[in-house]
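A look at the structure
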Amino acid sequence: CNLRCIYCMPEEGVQHVERSLILQEEEILRICRVMAELGIRKIKLTGGEPLVRPRMPQLVEKLKNMPGIEKVTLTTNGVFLKDQMSDFARARLDGLNISLDTLDASVYRQLTRRDEIEAVRRGLRTAIQKGRMQIKINCVPVLGIEEQKLLEVAELAKNHNVHVRFIEMMPIGMGTQFAFVKEDALKHALEEAFGTFTPCGDVAGNGPCHYFAVPGFQGRIGFISAVSHKFCSECNRIRLTSEGFLKTCLQYDNGVELKTILRGGGTDEDLRRAIGQALAEKPKGHSFEKKTEFTDREHRGMSQIGG
Ligand code: SAM
Ligand code: SF4
């Protein structure tokens, strides 16, 4: 990733992965094709930072043309977005999540350890102007950083047709070192400022976000609250890491190495069998609330497993 968000990556000592160990485009496409044959309909490209990888619009276009795939969306920090926005629109990307935790330049620098807020703002502006797709802002509130000014972030949904989603900090990787802001407390503060929130189900999403309509707002305000509003019973999400490991739950390292099958000459049937078995063993849910250590708990950081 080209940022170093304090709750996601360490400042120093990031271990880089050799390029040969990263899935190539054809390998990603093959796994997605097998997944689509098994019934997967929606794909989100995330990371790490997806836009540091070359040819992302081309990958989106190929996924969009894949039989069975109905929706392709992307989550980005937005730094490299501006110059690629037209290509993503042309590739018919269905939705774009842009992470922006604050509008304040110095707090942004403190949170991401990089000076890129202007690039992100340009990316967001271009996306709003040229996007032709639903744009959502991801914001992770960090307890104790009042200067993050969450009301200002929320107001993006007032002034533009974008949805703003507040994500509770999850105790994964560097996230274990920070306290999370509870949805109920934040919602209360937002309602005091903007008026009563009305639950609404009119936002098509792939995931666990619940949305509210706010008086006078063009977009919706949403909350993804894995800690205070656990949603594991409805989770049908699986993740493919850039190194070809299929993860079935964010918190545990359960899953299967698909790259070994791909590169060991495995057939599509081998892939299907491995995927099916991993899915059958998908954990019932996370245990973020428990303080005890589990031996099978995910040891990698969020940027390595696709938050
Ligand atoms: N680099 C891209 C970005 O920042 O949007 C995509 C990957 S990033 C891991 C995806 C999302 O996960 C971002 O919105 C980020 O803020 C969020 N995130 C990272 N670590 C988190 C944590 N410990 N708890 C909750 N959300 C986290
Ligand atoms: Fe920040 Fe996303 Fe990079 Fe993590 S992967 S450091 S959340 S920009």
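These figures come from a predicted structure and were not determined experimentally. (Residues numbered from 1 in each chain as written. Chains lettered and ligands numbered in written order. Predicted model: local features only at pLDDT ≥ 70, side-chain atom pairs only at ≥ 80, totals over all residues. Heavy atoms only, no water.)

Tracing the sequence through the fold places Phe80 in the loop between β2 (71-76) and α3 (85-90). Leaving out residues up to four positions away in the same chain, Phe80 has contacts with Asn2, Leu51 and Val52. (Helix = DSSP H or I, 4+ residues; strand = E, 2+ residues; numbered from the N terminus. Contact = heavy atoms within 4.5 Å.)

For the rest of this paragraph, the subject is the pairing of strand β1 (residues 42-45). Alternating residues of β1 divide into Ile43 and Leu45, all buried, and Lys42 and Lys44, none buried. Across four bridges, the pairing between β1 and β2 is parallel. Opposite Ile43, over in β2, you have Val72 as the bridge partner. Taken together, β1, helix α2 (residues 56-64) and β2 form a β-α-β motif whose crossover is right-handed. (Buried < 20%, exposed > 50% of the residue type's maximum accessible area, 1.4 Å probe, protein only. Pairing = 2+ DSSP bridges. Right-handed = clockwise from strand over helix to strand, strands pointing away.)

Moving on: the site of ligand 1. Lining the immediate surroundings of ligand 1 are 20 residues, of which Tyr7, Gly48, Glu49, Ser99 and Met170 lie closest. Contacts to ligand 1 include Asn138, whose side-chain N or O atom sits 3.4 Å from an oxygen atom. In terms of residue class, the shell around ligand 1 is built from eight nonpolar, 10 polar and two charged. (Near = heavy atom within 4 Å. Polar contact = N/O pair within 3.5 Å; in protein donor to acceptor, adjacent residues only side chain to side chain. Nonpolar A, V, L, I, M, F, W, Y, C, P; charged D, E, K, R; others polar.)

Before going further, it helps to spend a moment on the environment of Glu118. Summarising the element assignment, Glu118 is placed in helix α5 (residues 117-130). Given the relative accessible area of 43%, Glu118 is considered partly exposed. Separated by 47 residues in sequence, Glu118 and Lys71 have C-alpha atoms that sit 30 Å apart.

Structural measurements only, silent on function.
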